[in-house]
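Observations on chain architecture
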Amino acid sequence: MATSQDQSLGSSSDETCQLRFREKLLAIDLELKVQDVESLKFLCIGFIPQNKMDKCRSALHLFDYLMTGEMISVKDAFFLAELLYTIKQNYLLRHLGYTKKQVEHLLPIRGRLSPFRKLLYELSEGIDEENLKAIIFLLADKIPKGLTSSLSLLAYLEKNTEIDEDNMILLEKVFKKVAPFLLRKIENYKREKGVWVLFFLGNGATNGALIPVSMEMVGASANTLGSEIWTKETIMYRMDRKHRGHCIIINNHSFTSLKDRPGTHRDAECLKLVFEWLGFTAHKYDDVTKGVMDKILQEYKSHPGHADGDCFVFCILTHGEFGAVYSSDGVLIPIRSIMHHFTAQQCPGLAHKPKLFFIQACQGSEVQTSVLTEADAQNSKHFSLMDSVPTEADFLLGLATVPGYMSFRHIRDGSWYIQSLCSHLKKLVPRQEDILSILTAVNNDVSQQVNSDGTLRQMPQPAFTLRRKLVFPVPQNAHLLL
């Protein structure tokens, strides 16, 4: 047992380290210019709440907010190194113990800035004074007077949703007239941008391996993708905060204009039991209308509990179509619009934390149903899977089936997908398997299931922008659900 003297020495050592770290931050602040601070503030949009960002008058204020939000610390200041690298203040990296080459090496696995944020910053650097005047003139009916820099202009357009990671049309039109040389940067961004998807190829070409593909490549053949083999990152998401997080379960059984979904209550109870076992606070909502769904999304988008949570889970059990799900009153809701509520900018409390969405709903109507097996599809409309997952980091979307196909639910035993998901979480979390490995096992399990006459099959599809391994801590009562 540590003596009071040992504890005092430890406390003194921590205080010394903290002081030295702040001295380094002060040294960085002294070498930054006003424009550098504005650049750092712009890059931190989505990482720091806007009301706090508005109060930042110096880099020291910014550093304080980053430390409060646990984005930089004595033990890990890489995010600040990434920011300084991005604004080309590489000579300041020495204060943090990094070199330019070291930062470049670590960025692929530790970088936090989204491709969209980096694109906007690069565009701002290419807009000179004359370009800025011309752009402001062309956009006079969309922007207020008083914008004096390219960064403030782009920040305003983003804040007012004139542009976002999937919509650069306004800037493309303006740049075509004023700065056509910047169009290449946007084209490169659009070409390189793609949510990495774990796409299970069921044709046997890869022996069941998981291959990363951009959304544009989802339809490509195994031969095209064979050279790209996914390797696991060694860094794991933090799972040691005050509580695991919230798990929302939307369970739609009865509808005003669609058929009922018998068996769904078994799925909902299984999800609630398993995620509570994993330490989540589970909230189940039955027969949710569009209006109630909006209220739920608004409540959890701004829930204060996210600040002390590790993770967030949102499960939807309902009818669906390609890229969308139905509310109990028959309103079709795009999956992307649901997930968008929890991006870093919309929900700062969940920034840099894993956000998991599990959808038990059809994504098309390619097959027929059997007697005891029902499908969760209505007539399919054309939604793009590209519109489902936000392009920023830390999202996972688990779909019960691949686009264009039905998913199946037994009217007594529940759905193939949710029952398999719950079963494999119970089995593999105690073995310290990460979530992507667990979903691989779910894919394999569901793909081997068939209906009563052996004619119908199903293949789930996970899509993700996770940057780290997600491993749930083994529950203390791990044996209870086995």
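Per chain, residue numbering runs from 1 following the sequence as it is written. Per-residue local features of the predicted model are confined to residues with pLDDT of at least 70, and side-chain atom pairs are confined, for both listing and counting, to 80 or more; whole-chain, interface and lining totals are unaffected and use all residues. Computation of side-chain values covers all heavy atoms of the structure but excludes hydrogens and water.

Identification of the protein as Caspase 10 from Urocitellus parryii is taken from an unreviewed UniProt entry.

Let's shift gears to the overall build of the protein. Per the convention used, a helix needs a DSSP run of H or I reaching at least four residues, while a strand needs a run of E reaching at least two, with both numbered from the N terminus. When you go through the protein residue by residue, the secondary structure sums to 17 helices and 14 strands. Put simply, of all contacts in the protein between residues at least 6 apart along the chain, 73% involve residues at least 24 apart. Residues count as neighbours in contact if any of their non-hydrogen atoms are within 4.5 Å of one another.

Here the focus is the nonpolar core. As used here, the term nonpolar core means buried Ala, Val, Leu, Ile, Met, Phe, Trp, Tyr and Cys residues forming a set that is joined through side-chain atoms within 4.5 Å. Exposure categories follow from relative accessible area, calculated using a 1.4 Å probe and restricted to protein chains: below 20% of the type maximum is buried, above 50% is exposed, and the middle band is partly exposed. Judged by nonpolar contacts, the single largest core of 61 residues is most densely connected at Leu32, Leu123 and Leu171. Residue contributions to this core peak at 6 residues, all from helix α5 (residues 78–86). Once residues lying within four places of it in the same chain are set aside, the contact partners of Leu32 are Val37, Leu40, Ala59, Phe63, Leu84, Ile87, Gln89 and Leu92. Residues Met239, Cys247, Ala268 and Cys315 belong to the second largest nonpolar core, which totals 38 residues.

Moving on, we come to helix α14 (residues 290–301). Expected span, for any helix, means 1.5 Å times one less than how many residues it has. With 12 residues, α14 ought to run about 16 Å at 1.5 Å a step, and its terminal C-alpha atoms sit 16 Å apart, in line with that. Restricting attention to buried positions, one finds in α14 the residues Met293, Ile296, Leu297, Tyr300 and Lys301. In an axial view of α14, the angular spread of the buried residues amounts to 125°, which keeps them on one side of the axis. In this description, one arc is meant: the one made by directions from the helix axis to the C-beta atoms.

This paragraph deals with the packing of aromatic side chains. In this scheme Phe, Tyr and Trp rings, the latter by its six-membered ring, pair at centre separations within 6.5 Å, and the angle between planes marks the pair as stacked below 30 degrees, edge-to-face above 60, and tilted otherwise. This structure, assessed with the given rule, holds 13 aromatic pairs. Ring centres of Phe312 and Phe342 lie 4.7 Å apart, and the angle between their planes is 35°; this geometry places the pair in the tilted category. Of this pair, Phe312 sits in strand β5 (residues 309–317) while Phe342 sits in the loop between α15 (335–339) and β9 (355–360), and the two are 30 residues apart along the sequence. A single burial state applies to Phe312 and to Phe342, both of which are buried. Arranged with centres 5.9 Å apart and planes meeting at 50°, the rings of Phe342 and Phe357 form a pair that is tilted. You can see Phe342 sitting in the loop between α15 and β9 and its partner Phe357 sitting in strand β9, a full 15 residues away along the chain. The exposure class of Phe342 is buried, given its relative accessible area of 0%. Judged by relative accessible area, which is 1%, Phe357 ranks as buried. An aromatic cluster of at least three residues, connected via ring pairs, comprises Phe312, Phe314, Phe342, Phe357 and Phe395. Stacked on the ring of Phe79, the Lys or Arg Arg112 has its end atom at 5.7 Å from the ring centre. The ring of Phe42 has Arg117 sitting right over it, with the charged end atom 5.1 Å from the ring centre. As a reminder, the over-ring test applies to NZ of lysine and CZ of arginine, requiring each to be within 6 Å of the ring centre and within 35 degrees of the ring normal.

Right, let's talk about the packing of helix α16 (residues 416–428) against helix α17 (residues 435–447) for a bit. Between N-to-C directions, angles span 0 to 180 degrees; the directions come from axes that are lines fitted to C-alpha atoms, helices contributing only their stretch in contact. Close contact between α16 and α17 brings their axes to 9 Å; oriented N to C, the two are set at 135°. Taken together, α16 and α17 sit at an angle that is classed as oblique. Crossing handedness for the pair α16 and α17: right-handed. Residues Trp416, Tyr417, Ser420, Leu421, His424, Leu425 and Leu428 of α16 form the contact with α17, whose own contacting residues are Ile435, Ile438, Leu439, Ala441, Val442, Asp445 and Val446. Here the word oblique covers every angle except those under 35 degrees (roughly parallel), over 145 (roughly antiparallel) and from 65 to 115 (roughly perpendicular). By convention, the crossing between two helices is left-handed when the near helix turns anticlockwise from the far helix through less than a right angle, and right-handed when the turn is clockwise.

What follows covers the pairing of strand β14 (residues 461–464). Alternating residues of β14 divide into Gln461 and Ala463 and Pro462 and Phe464, and every residue in both groups is buried. By this definition, two strands are paired if DSSP reports at least two bridges between them. Both strand β11 (residues 395–399) and β14 contribute to a ladder of 4 bridges, which runs antiparallel. Within the sheet, the bridge partner assigned to Gly398 lies in β14 and is Pro462.

Along the polypeptide, Gly323 turns up in the loop between β6 (320–321) and β7 (324–326). For the pair Gly323 and Ile333, spaced 10 residues apart in the sequence, the C-alpha separation amounts to 8.7 Å.

This paragraph deals with the pairing of strand β4 (residues 281–286). As defined by bridge partners, strand β3 (residues 243–251) adjoins β4 across 6 bridges and the pair is classed as parallel. Residue Cys247 lies in a different strand from β4, and its bridge partner there is Ala282. By convention a crossover is right-handed if, when the strands point away from the viewer, the path from the first strand over the helix to the second runs clockwise. Considered for its hand, the β-α-β crossover made up of β3, helix α13 (residues 264–277) and β4 is right-handed.

We count a salt bridge whenever a side-chain nitrogen from Lys or Arg sits within 4 Å of a carboxyl oxygen from Asp or Glu. Inspection of every chain in the model, using the stated rule, returns 22 salt bridges. A salt bridge links Arg117 to Glu158; the nearest nitrogen and oxygen atoms lie 2.6 Å apart. One end of the pair, Arg117, is in helix α7 (residues 115–126); the other, Glu158, is in helix α9 (residues 150–159), with 41 residues separating them in the sequence. Accessibility classification places Arg117 together with Glu158 in one group, the buried group. Salt-bridge contacts for Arg336 lead to Glu165; the nearest nitrogen and oxygen are separated by 3.1 Å. On the criterion of sequence distance, the pair formed by Arg336 in helix α15 and Glu165 in the loop between α9 and α10 (169–178) is long-range, its members being 171 residues apart. Its relative accessible area of 16% is what places Arg336 among the buried residues. Each of Glu70, Arg238, Asp240, Arg241, Arg244 and Asp310 takes part in a single network of salt bridges with overlapping partners.

Strand order across the open sheet formed by 3 strands is β6-β7-β8, with antiparallel pairing between neighbours. At either end of the open sheet lies a strand with only one pairing partner, and these are β6 and β8 (332–334). Bridge count for β7 against β8 is 3 bridges, and the pairing is antiparallel. The residue bridging Ala324 from the neighbouring strand is Pro334, located in β8.

What follows is about the confidence of the model for the protein. Averaged over all residues, the pLDDT of the protein is 80; the fraction at 70 or higher stands at 76%. Every residue carries a pLDDT, the predictor's confidence in it, which falls somewhere between 0 and 100. Here residues 194–234 scores under 50 on pLDDT; set against residues more than four positions off or in separate chains, the count is 73 contacts. Every residue in residues 364–387 is under pLDDT 50, and counting partners more than four places away or in other chains gives 83 contacts.

So, on to the packing of α7 against helix α11 (residues 183–192). The contact between α7 and α11 brings their axes to 10 Å, and the two run at 170°. Compared by their axis directions, α7 and α11 come out roughly antiparallel. Residue-level inspection shows Pro115, Phe116, Leu119, Glu122 and Leu123 of α7 in contact with α11, the latter providing Lys185, Ile186 and Tyr189. Amino acids outside the nonpolar list (Ala, Val, Leu, Ile, Met, Phe, Trp, Tyr, Cys, Pro) and the charged list (Asp, Glu, Lys, Arg) are all regarded as polar, and Gly is one of them. Of the residues contributing to the contact of α7 with α11, the split by class is 6 nonpolar, no polar and 2 charged.

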